[in-house]
Each structure stands twice: as C-alpha cells, then as structure tokens.
Amino acid sequence: MTPAADQLARSHLAEGILKANMLADAQHIAMATIANVDALVRWNFRHVVNLPRIHADHGVNARLGYPTIEFRSPREVLADE
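Keep in mind that what you see is a predicted model, and the values were worked out from it rather than measured.

(A) How the structure looks around helix H3 (residues 51–63). Compared with the 18 Å implied by 1.5 Å per residue over 13 residues, the 18 Å span of H3 between its first and last C-alpha is a close match. Every buried residue of H3 is listed here: Ile 54, Asp 57, Val 60 and Asn 61. Seen from one end, H3 has its buried residues packed into an arc of 125 degrees, which puts them on one side. Of the exposed residues in H3, the ones pointing more than 90 degrees away from its buried face are Leu 51, Pro 52, His 55, Ala 62 and Arg 63. Where H3 is buried, its residues touch helix H1 (3–14), helix H2 (23–34) and strand S2 (70–72). Gly 65 occupies a position one or two residues after H3 and carries a positive phi of about 85 degrees.

Criteria and cut-off values
- Residues numbered from 1 in each chain as written.
- Predicted model: local features only at pLDDT ≥ 70, side-chain atom pairs only at ≥ 80, totals over all residues.
- Heavy atoms only, no water.
- Helix = DSSP H or I, 4+ residues; strand = E, 2+ residues; numbered from the N terminus.
- Expected span 1.5 Å × (residues − 1).
- Buried < 20%, exposed > 50% of the residue type's maximum accessible area, 1.4 Å probe, protein only.
- Arc of directions from axis to C-beta.
- Contact = heavy atoms within 4.5 Å.

Written as structure tokens, this is what we have:
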C-alpha cells in the first residue's frame, strides 16, 4: 500500500462510493488503479462490480488525475472450455 493508493482509497470512501467499513475493497481498487491494470476481476457484484459504482469510481479517478480501470467478473475473463 502506497500513500497515493491509500489517499485514493480514502477519496472513494469520502465520496460514498463504498461504505466506511469497506476500506480493504477501496484499497484493492486504488492499488489496481495506480498500478494501471487492464482489469480488476471480482465476484463482488453488490458492492464493487456494478455500473453505478463503476461510473462513480471513474469520476473520482478522473477528478484526481488517475486512469479508469475495467471491472469484470471472472466469467467475463475466463475462456470457455
């Protein structure tokens, strides 16, 4: 956890994107954002992988000068067998 990632995570909490008790989730998202990953893959559809929260995340990132990242479910990134 870098200071920049921690600050970004706390900005997401302050904006109400995630609840205060979800700091670990916010930090995970912030670290992935700062690392400029292609996609963050999560099962958490209720709190993380849903369109309103994704749009809110992108808005905070844009205001703070960070790139947007893709949020995907594992089913979207695994090849069909």
